[in-house]
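Below are the chains, spelled out letter by letter.
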Amino acid sequence: MAMNTFSLALADLRSISLEARKQFPQVKEAAERAVMKLMSLESLPPDKFPEEVARTDDIVRPVFLVFESNNAKLMAVAIPLVQKLLLVNAVSQQNIGVLLKLMGGAVDSVSEQLQVKILQAITSLVSTNNALHGTLLAQGLEISFSLHARGAPPVRSTAAATLPMLISVLFERATTEYANTKAERGATVASDAVSVASDGDLSSFAPCARDSYLVFTDLCSLTSGEAPSFLLLNQLPMMFGLELMEQILSTHRVLFTENPRFLQLLPERVCPILMRYLSTIPTSYPVGIRLLRVISTFILRFAAVQVAETQVLLHRVLKMTEAEGCPDWVQVACVEMFRGFFSDSKLLCTLFENYDYQRDEGPKLCSNAIDFAARYLKHAVPAAIAAPGALADVTTSKFKCLEALSQTQPPQVKEAYHAFAGLLCVLGVANSLTDLARAPDSPYAPVVRQLANDTWPVLLSCMSLALEKIDEDSLSHHILKSFEGSVFSYGTLHLRTPRDAFLTVVCKQAVTGGAPPEFTVKSVGALKTLLNIAHCMGNVLEESWALVLRTIVQAHPLIAAADAKPQAELQSECMADFDVVKSAESSLWKVSVQLDINSLSHLLRQLVLLSQEASENNKMQELDAPPVVSDFCLVKLVETLMCNLHRADQIWDIVHAHFIAMSQHKSAAVRCFVVTSLFDIVLESLTKDYSKAPPADTEQVRSEAEEKMQVNFFEILEEMSRSQFADTRSKSLESLNRIIQSAGQYLRLAWPQVFVMLCTVSQQNDDTLVTSAFSSIHLISSDFLQQVPKECLAMYITAVGAYGSQTSVMNISLTSNDILWNVADFIAQQQPDGADTEEAHTLWLQLFFELKKLSRDERPDVRMSSLATLFKSLTIHGTKFSPRIWEMSITEVLLPLLSEVKQSWVAAGSQPNTTPRSSSPNSPPLLVHHSRDTNQKQWDLTLVQTLEGVVRVFKCVFEQIKHLDLFEKSMVQLLDTIQSTCERISKEVAESAAQMLGLCLTKFAGDGMRSLWNKGWDVLAFLARTYSQSPACSGSSCSMGSPLDLVVQIVSDLLRDTHPFMKEDDVRRLVDVIATAAAAPVETALRGEDGLTMLQCAALRVLERIAALEDRRATLIALAEALARIIYASLGLPSEKWGGEFEPPSAAFNSVPSLLPLAHKAVTHLLAICGKTPTLRLELLKPVAVCFGCAMTLKCTRPEVTLWRCALESFITLTNDGFALLAVSNSGDGATADTEGGVWGEVSRVVKCFLFPSAASPMSEGKLQEFEGYDISLVTAFAKQVAAHSKTDRVAADLWDILDEGAGAVATREQFAQCCYQLMFHLCTPGDAPAHLVAVYTPKAMDRCHAVLAGFAHDTQAASRARLVEVLCVLNELREWQTDPSACAPGRIASAPAGDCPQLAKLHLLAFYPLLCECVCTREDAVRQPLCELLRLTGELFLRW
């Protein structure tokens, strides 16, 4: 900047040199020296250049010479040069004084252009030279004021614009200077200023402050017509003085308020001027208008510090406006002035506080001013609206009376402008109140509240009048904005009455219109204002929400109707606002989220109230209407709730009852809407996005929200599920399912309500509802079990059990069991192995109780499914159970379940058999298999399943539970139950009981559980006895065999698995069970090639295994006894015959055909057992012989069977070996005849019974002849045994009796009789038989022969064949018989020659010679030859003797 000024100054100096070269050589020389001087300073730094220029006079000397020359051309160049130098402070203070003096002297003589240039130079000097003070400053200002006073109009105008700027520069420097001084010296500035003020000494003033102080003082003096003390002026136009005073007061308030000396100028110098002029009504418009402007500025800027002065001024202004004859322009200017006061909220508050607040007496200037404005407005409105379009013109014009300073005469104020000015004044009060109300906690809050309370009636009357009467759009808009602010201010200040009053005006205006109602520009604007109030000021409405909502409800149909119209039909002025209104109305409910809880509560209460009124007034749609909800308030209530779900816990009580009531509405569409809305609310609350919250607060926010809303939400949903309307119930259940599906992971505290709701539905006999509700149950099981709190899991189990028990839909009951299994699996996954927590205990107990309850359901399929689930849960997850859980499971679940199922089973047996029906009461009977076609059969299957399950559980977890204190007691109870189930015979139950018992016994093997082992065997024996006595249980009609088959299989398995642990008593019991089972009559066609059933084959295999494994005497004896029992059973004889005496079968003898093949095998095995050891054979000889003898009796009753043949062979074998051992043992032990006779006697009776059937069981002649070979073999064997081993006469006598009776049976059994004769003679033959037998039998044989021959000889008739056979047999035997001579002819032996000893064996013929001779006369040719032979032999004996 300095170097640029250097170039310009150099150019100006050269121009001066050039212009003065002819007329003014001195000027030319000075200019040239100045040029040279400047050029010599060219090398200086830019910041040093002005300083160096100011030090020399060579630069400004040409200027001095120019002013002395008074040449216009040179001055035209020199003055700009001075201005350039002054701009960069390149002139010293001394030279400045010279320049000012020269310019002051040249002012009057120069042209207008040069005068303007001088003003410009002065302006540059004052504005740039901060060091210009005192006299120099006064000189510069004097030049400017003189030009303003005496210059031409263009110069005066320039001076009028320049002087305010120069004055402003002075005061700005003073303000800056004061601020800097205050910062440096602190609080001492104020005290110094006060001291200055007291003594009038300005020496301590800072330069700029002193200059400003003196200038302002002189301005006040000059304006009031007094002489100045600083400015060298004679006078100053009053208008210009007032303008300068206004400017200073307006722009430099800080200097006057903070500097006490300046502040003192206001009451001392300013106010007197204002008071003097206000004493009368101004007649001069230019002076009056400027005076009012100064008063306005004074009050606007200094009312707070000049309270008394402001009061006086305000009072005089009001008095002036009320005076008669006050010009219109004065009133308009005052109204404009008041508008400025009222539009400044702080000033308005200050005025009210100073002159009205808490003042009961005296004038209230602020209120009076407002009243004046109100009266003015009311007076002006009628005239304003009388001229159409006048207000619009005024509104668009920029006219303002206080600003019309250029006019010398009062302006013509239009009537419309009066109304316009008054309206703006009143609206200024309202708008200021709005601003003041925005700081309700400020110290001025009480003042503001009283101000609002005192002024609202006036404001309301004026504003409502203006809103009603004025149709100009922009003014209506401003009025409505003020109404909007007033509602806010009064609402914020808790002045309910004025708030509602202002709001009512807006509401009325919003819905006014013609007939029919329609929107106007003003009504649309009012509605827009109302919606804006609702949007932005909802927190201050409180109860006034009723007004707002009622208006919106009334306007909603109009909005909808207008929206449906073509845009061309709407007023163009309405279009922009209408779109805003429509958008605001639709978005109002979303911004409710910004309301505080109190305001939101009021909003919701009013929505509920309006919705109730709509329902009561039948404004809802009818039943046959389309499914659209017309209740605007209900819809918006839901929308509001959706937006405020984060506060649902605080507002839910407001809408709870209304939701319930509307869910019972007569309109199905309304009910559907309510339930759907509730679903949306719940879903939104659960899935609300909390991701925008800080990460650390996300879960906390969610948790708090859930705790406060979930329970309430689901309680109302639960109530809806109990609605009297089916569609509501169905919709609520559907909503519940969708909630769980979409947000089940967020449910926490609401689970109890969910389960209660679902349980309640399960009790309703409605297939649709049950199915809908069960879908939620199933959904929880499949996807949300992890989210169900553990404390609620028991409730879920109860709910699932409830659906298992319902009878509406069978598939649901069955699926419930699957769900319970899923729950069991889930509980097990969550429970550590062996954990004994109260939580696990409760859950397992609840689960098992539900399954136990379902296990007694009347529907077989449900029972079976529940039992399967229960036992699967126990077996699979039982390894994780603690001892306490197992005790609970056994004592409270398993054993009671077994007992209850058994009771139901027994009860079913006592009821009439009915065909199972479907789950639906109205459905026809189900088609079921004949094995399940009665209730009893179904319960049989249930009991079987229960038994199998209980035992399977015990088997799987045996190692866990065997140490429990209650284990033995529980097992005993189980065994008793198994036993008691056999009291009523059922094939399936029997099979199950047997199978389960085997599993138990397998686990009981060993020394540690002897009592249970014994108990189990007792039960098994009982089962075997029971089943063996029932044809229903002993048959084998099914592929799995009879229960007895299972018993045998159990025994077989026990033998295989537990034989090492078995004692003799155990084996004896095992054999007894096998015998009992095997001896049971089995009626079946399923037999093997050997005629045995599967049961019999299995029993025999077990016996064979026992025989192979055992070598203990007692065990083998027991085995033999078991086999004998089988044989006896096949014969229809009691098993007690073992060890008894042989008795021939009686007439009641009746064999069991189904057991005969088994008895055949038993005979063989029994014989094998007897052959194991000699001792055993001796011990078993008698009972086994008796047993075989009983079997041999079948020859008479059932000759076609092979049992008696096998028994005969075995009997012969047994006795052959047995009597040999017996003979040996007797010879060694010295046994008596009685001991030996006991065995021989039983054998003799057996042989006699077999050979000679009794009359009770006669045989035909043909059969007797057919079986002669068996008779011959037996009698032959017995005879040999007696001959070989018997030593007693009784046995010999028995044998003789048998042979004698057999010899007499020749008529029916020739060969047998011949055999008997042969045996007789054989046993009488020395050498072939023992001597004692020969001695005993020879006489008897001879007597027998004598009797036969005598009978033949004396028979006069033709001999029968039997007689002939018998005679021939006797004759032949006599011929071959070699007797003992001493036995048959003892007297002849001594006289017999020695050489004839071989013939002595035939001496018996001599005894028969007479009879032989008698027989010679027989006519039977067959007899003659043997008879002749015997006679010949007899003759030879005679010849030899």
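Throughout this description, residue numbers start from 1 for each chain and increase along the sequence as written. The predicted origin of the model limits local features to residues at a pLDDT of at least 70 and limits the giving and counting of side-chain atom pairs to 80 or more, whereas totals for whole chains, interfaces and linings rest on all residues. Here the side-chain values reflect all heavy atoms present in the structure, with hydrogen atoms and water set aside.

**A look at the overall build of the chain**
By definition, any uninterrupted DSSP run of H or I lasting at least four residues is a helix, any uninterrupted run of E lasting at least two residues is a strand, and each is numbered from the N terminus. Along the chain, the regular secondary structure elements total 64 helices and zero strands. Across the 1441 residues of the chain, 54% fall into the buried class. Of the roughly 59600 Å² that the chain leaves accessible, carbon and sulfur atoms contribute 52%. For each residue, the accessible area found with a 1.4 Å probe, counting protein chains only, is set against the maximum for its type, and the residue is called buried under 20%, exposed over 50%, and partly exposed in between. Using a 1.4 Å probe, the Shrake-Rupley method yields the accessible areas, and only the shown protein chains count as cover for residues.

**A look at the environment of A799**
Residue position: A799 is located in helix α36 (residues 790-805). Owing to a relative accessible area of 0%, A799 belongs among the buried residues under this scheme. For A799 and T760, which are 39 residues apart along the polypeptide, the C-alpha to C-alpha distance reads 8.8 Å. Here, two residues are considered to be in contact whenever any of their heavy atoms come within 4.5 Å of each other. Beyond its immediate stretch of four places on either side in the chain, A799 contacts F755, C759 and I777.

**With respect to unusual backbone geometry**
Despite not being glycine, H494 has its phi angle at roughly 60°, a positive value. Positionally, H494 belongs in the loop between α23 (473-492) and α24 (496-511). On the basis of relative accessibility, which here comes to 47%, the residue H494 falls in the partly exposed class. The phi angle at E542 is positive, at roughly 50°, despite the residue not being glycine. Examined against the element boundaries, E542 turns out to sit in the loop between α25 (521-536) and α26 (545-564). With a relative accessible area of 9%, E542 lands in the buried category.

**Quick word on the nonpolar core**
By size, the foremost hydrophobic cluster in this structure holds 502 residues, and its most contacted members are F338, F714, W844 and F1004. The element contributing the most residues to this core is helix α21 (residues 415-437), with 15 residues. Not counting residues up to four positions away in its chain, the partners in contact with F714 are V682, L686, L736, I739, L747, A750, Q753 and V754. We define the nonpolar core as a collection of buried residues of types Ala, Val, Leu, Ile, Met, Phe, Trp, Tyr and Cys that are connected through side-chain atoms lying within 4.5 Å of one another.

**Quick notes on the side chain of D1066**
Within the secondary structure, D1066 is located in helix α48 (residues 1064-1078). Two N or O atoms form a polar contact when they lie within 3.5 Å of each other; inside protein one atom must be a possible hydrogen donor and the other a possible acceptor, and for residues adjacent in sequence the pair counts only when both atoms belong to side chains. Here W1013 takes part through its side chain, which lies 3.1 Å from a polar atom of the side chain of D1066. Separated by 2.6 Å, the side chains of D1066 and R1069 make a polar contact. The residues touching D1066, leaving out its near neighbours within four places in the chain, are R1010, W1013, N1014 and F1061.

**Here we look at the packing of aromatic side chains**
Two rings from Phe, Tyr or Trp (for Trp, the six-membered ring) form a pair when their centres sit within 6.5 Å of each other. Planes less than 30 degrees apart are called stacked, planes more than 60 degrees apart edge-to-face, and all others tilted. For the structure shown, the criterion picks out 37 aromatic pairs. Plain terms: the ring middles of F145 and F240 are 6.4 Å apart, the flat faces sit at 75° to each other, and that makes the pair edge-to-face. Residue F145 is found in helix α8 (residues 134-150), and its partner F240 is found in helix α12 (residues 238-251); the two are separated by 95 residues along the sequence. For F240, a relative accessible area of 6% gives the class buried. Against the face of Y277 rests R276, its NZ or CZ located 5.0 Å from the ring centre. When the ring centre of W821 is taken as origin, the NZ or CZ atom of K872, which lies over that ring, is 4.4 Å away. Charges are assigned to positions over rings by a cutoff of 6 Å between ring centre and Lys NZ or Arg CZ, combined with an angular limit of 35 degrees from the ring normal.

**Quick look at the packing of helix α31 (residues 668-687) against helix α33 (residues 726-743)**
In this description, a line fitted to the C-alpha atoms serves as the axis of each element, helices being fitted only across the stretch in contact, and the angle between N-to-C directions of two axes falls anywhere from 0 to 180 degrees. Two elements in contact, α31 and α33, have axes whose closest approach is 10 Å; the angle formed by their N-to-C orientations is 15°. It follows that α31 is roughly parallel to α33 by the angle criterion. As for how α31 packs across α33, the hand of that crossing is right-handed. Taking contact as the criterion, the partners of A668, R671, C672, V675, T676, F679, V682, L683, L686 and T687 in α31 are, on α33, D727, T728, K731, S732, S735, R738, I739, S742 and A743. Taken together, the residues that form the contact of α31 with α33 break down as nine nonpolar, six polar and four charged. For classification purposes, an angle smaller than 35 degrees is called roughly parallel, one larger than 145 roughly antiparallel, one from 65 to 115 roughly perpendicular, and anything else oblique. Should the near helix be turned anticlockwise from the far one by less than a right angle, the crossing is termed left-handed; should it be turned clockwise, right-handed. Think of it as three bins: nonpolar holds Ala, Val, Leu, Ile, Met, Phe, Trp, Tyr, Cys and Pro, charged holds Asp, Glu, Lys and Arg, and polar takes everything else, Gly as well.

**Side note on the confidence of the model for the chain**
Each residue gets a pLDDT score, which is the predictor's confidence in that residue and runs from 0 to 100. When pLDDT is averaged along the chain, the result is 80, and 87% of the positions lie at 70 or above. Below a pLDDT of 50 lies the segment residues 690-698, which in the model reaches seven contacts outside its immediate sequence neighbourhood of four places, other chains included. The model gives residues 1229-1235 a pLDDT under 50, and that stretch makes two contacts with residues more than four places away or in other chains.

**Points about the pattern of salt bridges**
Salt bridges, as used here, are contacts in which a Lys or Arg side-chain nitrogen is within 4 Å of a carboxyl oxygen on Asp or Glu. Counted by the stated rule, this structure contains 37 salt bridges. The salt bridge involving K481 is made with E484; its shortest N-O contact spans 3.7 Å. In this pair, K481 and E484 are both assigned in helix α23, three residues apart and thus about one turn of the helix distant. Here K481 falls in the partly exposed class, since its relative accessible area comes to 38%. When salt bridges that share partners are traced, they join R496, R499, D500, E542 and E543 into one network.

**Things to note about α36**
Expected helix span is taken as 1.5 Å per residue step, with the number of steps being one fewer than the number of residues. With 16 residues, α36 extends 24 Å between its outermost C-alpha atoms, agreeing within 8% with the 22 Å of an ideal straight helix rising 1.5 Å per residue. Of the residues making up α36, those classed as buried are C792, L793, A794, Y796, I797, A799, V800, G801, A802, Y803 and G804. Turning to α36, the residues buried within the fold contact α34 (751-762), α35 (767-784), α37 (810-830), α38 (838-854) and α39 (860-877).

**Regarding the side chain of S476**
Take S476: it is sitting in helix α23. Contact partners of S476, with chain neighbours within four places excluded, come to L467, I470, D471 and K522.

**A word on the packing of α33 against α34**
One can describe the packing of α33 onto α34 by two numbers: an axis separation of 12 Å at closest approach and a directional angle of 140°. As far as their axial angle goes, α34 and α33 are oblique. With respect to the hand of their crossing, α33 and α34 are arranged in left-handed fashion. The residues of α34 that touch α33, namely those facing S732, L733, L736 and I740, are V754, M757, L758 and V761. The class makeup of the residues in the contact of α33 with α34 is seven nonpolar, one polar and no charged.

**Digging into the environment of N70**
Looking at the element boundaries, N70 is found in the loop between α4 (61-69) and α5 (72-87). Judged by relative accessible area, N70 falls into the partly exposed class, the value being 45%. Sequence separation of N70 and S109 is 39 residues, and the distance between their C-alpha atoms is 8.6 Å. Here N70 is in contact with M75 and S109, once residues within four sequence places are set aside.

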